[in-house]
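Here is how the chains run, residue by residue.
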Amino acid sequence: MAFDPHVFLDIHSGMEGMMYPNAFETRKKDKLVEQMKLMTNKILIEIEKKFCPGCLTGEAFSTIKYDSFGSSIDHNYFNNDVPLTYFFLFKCRLGNFRR
C-alpha cells in the first residue's frame, strides 16, 4: 500500500501563527504554490477569525522573515507532493488556554 497523504501539519509552540510553503526564500515558486496560496489564505482566515484572532497567517518566509532551510512543510510539499502542507504555531499561557 502506497503512502499518499493529502495534508501535512507540523505543530510548534512559541508564537501564534499558521503558515504554508515557502519557508525558504530561494525555493522555486511554482504555479501550484500560487494556487495553494489562494485557497489556503481563505481557509486560514476563517480559522483565524474563529480560533486565533491576531495570529500571523501566510507564506512562512514572507510572514516571519526567517529562512528555514530544510523545513518539513517545504520538504513535504516539494519532495513528497503533499498538496496541503502547513505549520501551526501555538502559544499557551498558564491558566489561559485557547481552543
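Predicted model only: the values in this text are computed from it and were never measured.

1. Structural notes on the state of the cysteines
Counting across every chain of the model gives one disulfide. One disulfide in the model links Cys52 with Cys55; its S-S distance is 1.6 Å.

2. Some points on the side chain of Glu48
Here Glu48 shows up in helix 1 (residues 31-51). Notably, Glu48 is buried but unbridged: the nearest opposite-charge side chain belongs to Lys49, and the N-O separation is 8.2 Å. Only 3.4 Å separates the side chain of Glu48 from the backbone nitrogen of Gly54, close enough to count as a polar contact. Excluding anything up to four places from it in sequence, Glu48 contacts Met18, Pro53, Gly54, Cys55 and Thr57.

3. Thoughts on the packing of aromatic side chains
What the rule picks out here adds up to three aromatic pairs. A ring pair is formed by Tyr86 and Phe88, whose centres lie 6.1 Å apart and whose planes are at 50°; its orientation type is tilted. You can call Tyr86 buried: its relative accessible area is 8%. Assessed through its relative accessible area of 13%, Phe88 is described here as buried. Plain terms: the ring middles of Phe88 and Phe90 are 6.2 Å apart, the flat faces sit at 75° to each other, and that makes the pair edge-to-face. Take Phe90: its relative accessible area is 37%, and that puts it in the partly exposed class. Members of the aromatic cluster, joined through ring pairs, are Tyr86, Phe88 and Phe90.

4. With respect to the nonpolar core
If you look at the biggest cluster of nonpolar residues, it comprises seven residues: Met18, Tyr20, Leu44, Cys52, Cys55, Tyr86 and Phe88. Of all elements in the fold, only strand 2 (17-20) and strand 4 (84-90) reach the threshold of two or more residues within this core. Once residues within four sequence positions are removed from consideration, Leu44 is found in contact with Met18, Tyr20, Thr57, Gly58 and Phe88. Formed by six residues, the second largest nonpolar core is a distinct cluster that contains Ala23, Ala60, Ile73 and Phe87.

5. A few points about the pattern of salt bridges
Tallied over the entire structure, the rule returns one salt bridge. The salt bridge partner of Glu46 is Lys49, with a shortest N-O separation of 3.4 Å. A residue pair is termed a helical-turn pair when its members lie 3 or 4 positions apart in one helix, as Glu46 and Lys49 do in helix 1 at three residues. Overall, Lys49 belongs to the exposed group, its relative accessible area being 58%.

6. Some remarks on the sheet that holds strand 3 (residues 56-59)
Pairing within the open sheet is mixed, and its four strands lie in the order 1-4-2-3. The open sheet has two edge strands, strand 1 (7-13) and strand 3, and neither has a second partner. If you compare each strand with its neighbour and ignore which way they point, the axes differ by 15° on average. In this sheet, strand 3 lies alongside strand 2 in parallel orientation, the contact comprising four bridges. Residue Met18 lies in a different strand from strand 3, and its bridge partner there is Thr57. In the packing of helix 3 (residues 72-79) onto the sheet, the strands contacted are strand 1, strand 2 and strand 4, and the crossing angle to strand 4 comes to about 170°.

Conventions and cut-offs
- Residues numbered from 1 in each chain as written.
- Predicted model: local features only at pLDDT ≥ 70, side-chain atom pairs only at ≥ 80, totals over all residues.
- Heavy atoms only, no water.
- Disulfide = S-S within 2.5 Å.
- Helix = DSSP H or I, 4+ residues; strand = E, 2+ residues; numbered from the N terminus.
- Buried < 20%, exposed > 50% of the residue type's maximum accessible area, 1.4 Å probe, protein only.
- Lys, Arg positive; Asp, Glu negative; His and termini not counted.
- Salt bridge = Lys/Arg side-chain N within 4 Å of Asp/Glu carboxyl O.
- Polar contact = N/O pair within 3.5 Å; in protein donor to acceptor, adjacent residues only side chain to side chain.
- Contact = heavy atoms within 4.5 Å.
- Phe/Tyr/Trp six-rings, centres within 6.5 Å; stacked < 30°, edge-to-face > 60°.
- Core = buried A, V, L, I, M, F, W, Y, C linked by side-chain atoms within 4.5 Å.
- Pairing = 2+ DSSP bridges.
- Axes fitted to C-alpha atoms, helices over the stretch in contact; angles between N-to-C directions.

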